[in-house]
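Chains, contacts and geometry: an overview
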Amino acid sequence: MSTENLPQSPEQPPRKPRVAVVFGGRSSEHGISVVTAGAVLKAIDRTKYDVLPIGITQDGRWALTADEPERMAITDRRTPNVTELAESHEGGVVLPVDPANREVVYSEPGSVPKALGEVDVVFPVLHGPYGEDGTLQGLLELSGVPYVGSGVLASAVGQDKEYMKRVFTSFGLKVGPYVVIRPREWERDESAARKKIVDFAGEHGWPLFVKPARAGSSIGITKVDDLSGLDEAIAEAQSHDPKILVEAALRGREIECGVLEFEDGPRASVPAEIPPPQEHAYYDFEAKYIDSTPGIVPAPLTPEETAEVQRLAVDAFDAASCEGLVRADFFLTEDGEFVINEINTLPGFTPISMYPQMWEKSGISYPELVSRLIEAALRRSTGLR
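The structure displayed is predicted, hence computed values, not measured ones. (Residues numbered from 1 in each chain as written. Predicted model: local features only at pLDDT ≥ 70, side-chain atom pairs only at ≥ 80, totals over all residues. Heavy atoms only, no water.)

1. Digging into the sheet that holds strand E6 (residues 114-118)
Spelled out, the test is: One bridge is not enough; two strands pair if DSSP finds at least two bridges between them. Helix and strand definitions follow DSSP, with helices as H or I runs of at least four residues and strands as E runs of at least two, each counted in order from the N terminus. For helices, the fitted axis covers only the stretch in contact; all axes are lines through C-alpha atoms, and the angles between them, taken along N-to-C directions, range from 0 to 180 degrees.
With antiparallel pairing, the three strands of this open sheet are ordered in space as E4-E5-E6. Each edge of the open sheet carries a strand with a single partner, namely strand E4 (92-94) and E6. With strand direction ignored, the average angle separating the axes of adjacent strands in the sheet is 25°.

2. Topic: the packing of aromatic side chains
Threshold: Working definition: a ring pair exists when centres of Phe, Tyr or Trp rings (six-membered ring for Trp) sit within 6.5 Å. Plane angles under 30 degrees give stacked, over 60 give edge-to-face, the rest tilted. Working rule: Lys NZ or Arg CZ, within 6 Å of ring centre, within 35 degrees of ring normal, means a charge sits over the ring.
Within the structure shown, the criterion is met by five aromatic pairs. An aromatic cluster is built from Phe123, Phe349, Tyr355 and Tyr366, whose rings are joined through pairwise contacts. Here the basic side chain of lysine 165 rests over the ring of tyrosine 178, its NZ or CZ set 5.6 Å away from the ring centre. The ring of tyrosine 163 carries arginine 166 above its face, with NZ or CZ at 5.9 Å from the centroid.

3. Considerations on the sheet that holds strand E9 (residues 208-212)
Convention followed: Here a residue-residue contact requires only that any non-hydrogen atoms of the pair lie within 4.5 Å.
Strands sit in the order E8-E11-E9-E10 across an open sheet of four strands; the sheet is antiparallel. Edge positions in the sheet fall to strand E8 (178-181) and strand E10 (222-224), since each of these pairs with one other strand and no more. The mean inter-strand angle of the sheet, taken between neighbouring strand axes irrespective of direction, is 25°. Judged from the four bridges that link them, E8 and strand E11 (residues 244-248) form a sheet pairing that is antiparallel. When the bridges of E11 are listed, isoleucine 181 appears paired with isoleucine 244. Contacting E8, E9 and E11, helix H5 (residues 161-170) crosses the sheet at an angle of about 140° to E8. Helix H8 (residues 230-238) contacts E9, E10 and E11 of the sheet and is inclined by roughly 25° relative to E9.

4. Quick look at the pattern of salt bridges
Condition: For salt bridges, the criterion is a side-chain nitrogen of Lys or Arg within 4 Å of an Asp or Glu carboxyl oxygen. Only protein chains enter the area calculation, which uses a 1.4 Å probe; residues under 20% of their type maximum are buried, those over 50% are exposed, and those in between are partly exposed.
The full count for this structure, using the stated rule, is 30 salt bridges. A salt bridge links lysine 195 to aspartate 199, with the shortest nitrogen-to-oxygen separation between them at 2.8 Å. Taken together, the residues span about one helical turn, with lysine 195 and aspartate 199 both in helix H7 (residues 190-204) at a distance of four residues. Aspartate 199 sits in the partly exposed class, given a relative accessible area of 41%. Connected through salt bridges with shared partners, the residues Glu141, Glu261, Glu323, Arg380 and Arg385 form a single ionic network.

5. Description of the environment of arginine 311
Summarising the element assignment, arginine 311 is placed in helix H10 (residues 303-319). Residue classification places arginine 311 among the partly exposed residues on the basis of a relative accessible area of 43%. When the C-alpha positions of arginine 311 and alanine 43 are compared, they lie 29 Å apart, and in sequence the two are 268 residues distant.

6. Side note on the pairing of E9
In terms of residue burial, E9 counts as a mostly covered element, since five of its five residues are buried. Across three bridges, E9 lies against E10 in antiparallel orientation. Looking at the pairing, valine 210 lines up with threonine 222 of E10. Direction of pairing for E9 relative to E11: antiparallel, over a ladder of five bridges. Counted as the bridge partner of proline 212 is isoleucine 244 from E11.

Structure follows, in structure tokens:
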């Protein structure tokens, strides 16, 4: 029988790519990650993408959360957390580990697991260890699911401030004086490890900045003005990371620059300047997120200085083999030299964060920035590249 004259069923419209926004996590930056997720969820173009919010609690459970970005904001000087947003206190979300299957499953004790559909790309907005440091990126590589941002190596390098500085130095980028105390050094001989820091201060002077080697958002950092505050600063840093980094203070202006991956390669945004906060000793967590110390965008630099810091930001992006996005932080010293302090492979993405502000002033709005990052992730394959 001929089928030529039978009515034809209309073609199904193509499915919109599905974006899993993964946030929260086990690090001390959990709350800021939730705030970032709220901003990203609000900005994603729902005409182009379907969205699945997945929160990771501070004890590591992957929870299904409501798509309610208005609940993910700092209120009364307090950051939100995933446990408050989770639809269940027992259920868990499971990502696929088979590259041939991208279906996400949700299960609760005593219930039949429920398929949540396929995920085409993950937008991780996790900050710090267990998310920004290559661990989540490795899981997604095993799963064969594309994701926003840098791969395993660049994420790990970007999280560990010691090895970040080593990579930058090997590529000819100037870094400031620093010394590292590893856990074994401290466990083997505390007095020798402390003397190493005191000797460093004798060479470079006070104040020093004592910080966790693998943390961000200025959490766990102490500005130490003299020997009397050193032990307390070490204890504070070690409460976040057993490996600590001690840096000499650099006198100069704090300059930041965003890097974004376009189809033809990475480009730099206009730079921003972080002025010294009026009510804080330095640009710490409270100044950044609670009191929202405003940055100056664009930074008041000469055209030559602007071009130089943009070039160095892209050089740092390339040196660490980054992908997607990076915020590069510099000091412009009193003798006119740019010294790189660090990069952030998943920089703050809250409405007040510098990275989106710099791109806004460069002509790319927050929603367009989010779309570009998702599109860049969809263009890339997982695996060696």
